[in-house]
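Single-letter residue listing:
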Amino acid sequence: MYSINLEIFKEIQGMGSASGIISKADLLYIIGDNSGYLNEFNIKSEKLRKIQVLSDSELKGLENIPKPQKPDFEVLCQYADRFYILGSGSTSKRNLMVEFDTKSQQVGTKDLTSVYQKMKVLANINDENFNIEGAIFNGRFWLLFNRGNGNDGKNGIFRILEKDLAKAEKISFTSLKLPNINHVESSFTDAVLVNNDVYFISTAEDTKSTYTDGDILGGFIGSINPESLKLNFSYRIPGLHKFEGISLFRKTASTLEFLLCEDRDTDELKTTVYKLRLSV
């Protein structure tokens, strides 16, 4: 049994719609779902650096890209020195994966349209219910988390037993029931691997659409066994937040500290990063 504490960690000017976060030494990397930049924030100096990951040749600016054109980058995950930024797949314009090498600073892209279509067919998920919001890659296989905020409520995890996500064929899908608030089931918004457990966050949002936002009723943090994909536990997060990114910040024998970022569904270029502490 854990106790849970939530507090503000940092407020960052110059970026908004935060949907994914990675904590790496003294740096925070944050992606927004409507931006063509990966944001690098130095915790000590509080300086913000923008790393361009999209070409602006077909877009009018790379901040606050309009909703119909935005790449909807909902996933920021890491393996070794490489970051992976994934579009949600919720529309045909949201199927891009960006790879960023933190050592060489090189950026590459891949089209996930084909593998996303295979995933939909295998899991019997139509276009209106497909919405990838979290991912984990451990160098051997991928876990991709479908947010069940469509009308079918398809919360579930895709396991992909290959390294090259764009060319994957070995795909399975496991549905998962998540906790609810006022009879509104929460749905996956991100996940991170800590030792041999998956820690996820989920939000109860009063909507039946992967495209249209609804009222936020609250959220949860929980743990899933990565082999059985069964729920270990879940706890309600204090407040009414739409947390969309989670990263491990610090770990001790009795405490796990995570950093969470929040999508406030506004055009304001301001992001608040929270610290969530789970203590035994």
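Overview of the structure.

What counts and what doesn't
- Residues numbered from 1 in each chain as written.
- Predicted model: local features only at pLDDT ≥ 70, side-chain atom pairs only at ≥ 80, totals over all residues.
- Heavy atoms only, no water.
- Phe/Tyr/Trp six-rings, centres within 6.5 Å; stacked < 30°, edge-to-face > 60°.
- Helix = DSSP H or I, 4+ residues; strand = E, 2+ residues; numbered from the N terminus.
- Buried < 20%, exposed > 50% of the residue type's maximum accessible area, 1.4 Å probe, protein only.
- Lys NZ or Arg CZ within 6 Å of the ring centre and 35° of its normal.
- Pairing = 2+ DSSP bridges.
- Axes fitted to C-alpha atoms, helices over the stretch in contact; angles between N-to-C directions.
- Contact = heavy atoms within 4.5 Å.
- Polar contact = N/O pair within 3.5 Å; in protein donor to acceptor, adjacent residues only side chain to side chain.

## Topic: the packing of aromatic side chains
So, step 1. For the coordinates displayed, the defined rule picks out 18 aromatic pairs.
So, step 2. Summarising the aromatic geometry, the rings of Phe83 and Phe100 are spaced 6.2 Å apart at their centres and angled 50° between planes, so their arrangement reads as tilted. You can see Phe83 sitting in strand β7 (residues 82-87) and its partner Phe100 sitting in strand β8 (residues 96-101), a full 17 residues away along the chain.
So, step 3. Under the relative-accessibility criterion, Phe100 is labelled buried at 0%.
So, step 4. Over the ring of Phe141 we find Arg159, and its NZ or CZ is 5.7 Å from the ring centre.

## Focus: the sheet that holds strand β20 (residues 243-251)
So, step 1. Strand order in this open sheet of 4 strands is β1-β22-β21-β20, and the pairing throughout is antiparallel. In the strand order of this sheet, the two ends are held by β1 (3-13) and β20, each with one partner. In this sheet, neighbouring strand axes are inclined to one another by 25° on average, regardless of whether the strands run parallel or antiparallel.

## Considerations on the environment of Asn64
So, step 1. Note that Asn64 resides in the loop between β5 (48-52) and β6 (73-79).
So, step 2. For the pair formed by Asn64 and Ser172, sequence separation is 108 residues and the distance between their alpha carbons is 35 Å.
So, step 3. Filtering out sequence-adjacent residues up to four positions away, Asn64 remains in contact with Asn34, Asp267 and Leu269.

## Focus: the side chain of Glu205
So, step 1. Along the chain, Glu205 turns up in strand β17 (residues 197-206).
So, step 2. The buried category is assigned to Glu205, whose relative accessible area is 5%.
So, step 3. Only 2.8 Å separates the side chain of Glu205 from the backbone nitrogen of Gly214, close enough to count as a polar contact.
So, step 4. The contacts of Glu205, once residues within four sequence positions are left out, are Arg147, Val184, Asp213, Gly214, Asp215, Ile216 and Lys242.

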